[in-house]
Amino acid sequence: SENEELEEIASADLKYLPLPALLGALTLKQVDLSRRLEHLESARAHFWRFLKLCSSYGLGSFRLPPASLPGEEDAGSPSPGGPAAAQPSLVAMASSRQAKIERYKQKKELENRLASMRTFVESEQADEDQIREYYILQIQKWINTSLEEIESIDQEMVILRSRGTAKQSSAPPHGTSRQARAPLKPFILTRDAAQAKVFGAGYPGLPTMTVDDWYEQRRRQGVVSGQSAPQRVPGTTDEELQKQQEEKKEEEDDEEALQKARNWDDWKDTHPRGYGNRQNVG
């Protein structure tokens, strides 16, 4: 109770005072990164509650940190600026550095005294005064630890919140994100089925696809509209189209040309593209 004095607490009950600080230390050990900010806020609340309790009992001489989280205590108030605001900041930094040095010295001294008294207390050879002193030293040690942890938590929370703000500002507006599409695999685009047969048997064996097949595939994916596929590849002249039609007609009508084309396809099945090419080879 906050109405009690330190002398009113039994020596055997003093060991329960650091319980909020222990809860804060255990909360910081949580490894769920997605809830890191939540764990920091909870741990800070535990440490602050322990320091508030120690302050009400007059345990240790320290300045109680603000109860509000960083960034909330001065929300809405204009930030001071100008050269006049720089001097208090330098004074605060120097004071904080000196406080850290003092806490470090006290921590080393407390650890040495606790190490020397631990054996007597654990072996139940210490009297009540020694037990009380031992637990008070433990409380003072956790006071220094809580002050350090709160300072570290405040710094980490500022970083996490600024990172979250940066992600929200860089995220695209709702509803403007493009629909994810499957990546296209490499293939050889040909004008017609005859060219697909020719280019499909060479090295490295990339799949072939005519313009009509490619257009139909893109239409199913919703990339292009459902209009009829273009009959001509951009850049193809009338002479090239006429030549292709004549070659296709000769292959269909001329039996000898058809057999020759089949033999040529069979030869390409066993000879990769570039076979026998010895140019520019030393």
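Residues numbered from 1 in each chain as written. Predicted model: local features only at pLDDT ≥ 70, side-chain atom pairs only at ≥ 80, totals over all residues. Heavy atoms only, no water.

1. Focus on the overall build of the protein
The condition that has to hold: Here a helix means four or more residues in a row that DSSP labels H or I, a strand means two or more in a row labelled E, and each is numbered from the N terminus. Relative accessible area decides the class of each residue, using a 1.4 Å probe on protein chains only: under 20% of the type maximum gives buried, over 50% gives exposed, and in between gives partly exposed. Residues are treated as being in contact if the distance between any of their heavy atoms lies within 4.5 Å.
When you go through the protein residue by residue, the secondary structure sums to 8 helices and 2 strands. Listed by position from the N terminus, the elements making up the protein come as α-α-α-α-β-α-β-α-α-α. For the protein, buried positions account for 22% of its 282 residues. Summarising the internal contacts of the protein: among those between residues at least 6 apart in sequence, 60% fall at separations of at least 24.

2. Quick word on the side chain of Arg36
Within the secondary structure, Arg36 sits in helix α2 (residues 36-57). When its relative accessible area of 19% is taken as the criterion, Arg36 is described as buried. Excluding anything up to four places from it in sequence, Arg36 contacts Leu28, Gln30, Glu156 and Leu160.

3. Quick word on helix α1 (residues 19-28)
This is how the line gets drawn: Note that the arc is computed from the directions linking the helix axis to the C-beta atoms.
Listing the buried residues of α1 in full gives Pro20, Ala21, Gly24, Thr27 and Leu28. The arc enclosing the buried residues of α1, seen along the axis, measures out at 120 degrees, which places them on a common side.

4. Quick look at a nonpolar patch on the surface
Just so we agree on the cut-off: Each patch is built from residues lacking any salt bridge and having more than 30% relative accessible area; the joining distance is 9 Å for like charges and 5 Å for nonpolar side chains (Val, Leu, Ile, Met, Phe, Trp, Tyr). Note on areas: these come from Shrake-Rupley sampling with a 1.4 Å probe, and a residue is covered only by the protein chains present in the view. Just to be clear on terms, a salt bridge is a Lys or Arg side-chain nitrogen sitting within 4 Å of an Asp or Glu carboxyl oxygen.
Taken together, the side chains of Leu19, Leu22 and Leu23 present a nonpolar region at the surface, about 240 Å² in accessible area. Position of Leu23 relative to the elements: it lies in helix α1.

5. Examining the packing of α1 against α2
To keep it simple, the criterion reads: The angle between two axes is taken between their N-to-C directions and runs from 0 to 180 degrees, where each axis is a line fitted to C-alpha atoms and a helix contributes only its stretch in contact. Angle categories are assigned with fixed cut-offs, so that under 35 degrees is roughly parallel, over 145 is roughly antiparallel, 65 to 115 is roughly perpendicular, and the rest are oblique. For any helix crossing, the convention is left-handed if the near helix is rotated counterclockwise from the far helix by under a right angle, and right-handed if that rotation is clockwise. Polar here means any residue outside two lists: the nonpolar Ala, Val, Leu, Ile, Met, Phe, Trp, Tyr, Cys and Pro, and the charged Asp, Glu, Lys and Arg; Gly therefore counts as polar.
At a minimum axis separation of 7 Å, α1 and α2 run at an interaxial angle of 165 degrees. One finds that α1 runs roughly antiparallel with respect to α2. The handedness of the crossing between α1 and α2 comes out as left-handed. Note on element contacts: α2 touches α1 through Arg36, His39, Leu40, Ser42, Ala43, His46, Phe47, Arg49 and Phe50, opposite Pro20, Ala21, Leu23, Gly24, Ala25, Thr27 and Leu28. For the contact of α1 with α2, the residue count by class is 9 nonpolar, 5 polar and 2 charged.

6. Digging into the packing of aromatic side chains
Just so we agree on the cut-off: Here is the rule: rings of Phe, Tyr and Trp (six-membered ring for Trp) pair when centre to centre is within 6.5 Å. Planes less than 30 degrees apart are stacked, more than 60 are edge-to-face, and the remainder are tilted.
Counted according to the given criterion, the structure contains 2 aromatic pairs. For the pair Trp264 and Trp267, a centre-to-centre distance of 5.4 Å together with 10 degrees between the ring planes defines the contact as stacked. Here Trp264 and its partner Trp267 are both found in helix α8 (residues 255-270), 3 residues apart, which amounts to about one turn of the helix. Under the relative-accessibility criterion, Trp267 is labelled partly exposed at 36%.

7. A short note on a negative patch on the surface
Counted only if it meets this: We treat Lys and Arg as the positive residues and Asp and Glu as the negative residues; His and chain ends play no part in the count. By convention, the point assigned to a charge is CZ for Arg, NZ for Lys, CD for Glu and CG for Asp.
On the surface, Glu4, Glu5, Glu7 and Glu8 cluster together into a negatively charged patch. Inspection of the secondary structure puts Glu5 in the segment before α1.

8. Describing the nonpolar core
Using the following cut-off: Here, nonpolar core means buried Ala, Val, Leu, Ile, Met, Phe, Trp, Tyr and Cys residues that are tied together by side-chain atoms lying within 4.5 Å of each other.
Ranked by size, the top nonpolar core spans 30 residues in total, and within it Phe50, Leu59 and Ile143 carry the most contacts. Within the residue set of this core, elements represented by two or more residues are α1, α2, α3 (86-122) and α4 (128-170). Per element, the largest residue contribution to this core is 11 residues, and it comes from α4. Leave out the neighbours within four places in its chain, and Phe50 touches Leu17, Pro18, Pro20, Ala21, Ile139, Trp142, Ile143 and Ser146.

9. As for α2
Heads up, the rule is: To estimate how far a helix should reach, multiply one less than its number of residues by 1.5 Å.
Taking 1.5 Å of rise per residue, 22 residues should cover 32 Å, and α2 covers 32 Å from first to last C-alpha, within 8% of that figure. Along α2, the residues classified as buried are Arg36, His39, Leu40, Ala43, Arg44, His46, Phe47, Phe50, Leu51, Cys54 and Tyr57. Taken down its axis, α2 places every buried residue within 160 degrees of arc, on the same side.

Take it as geometry only, folks, not as evidence of what the structure does.
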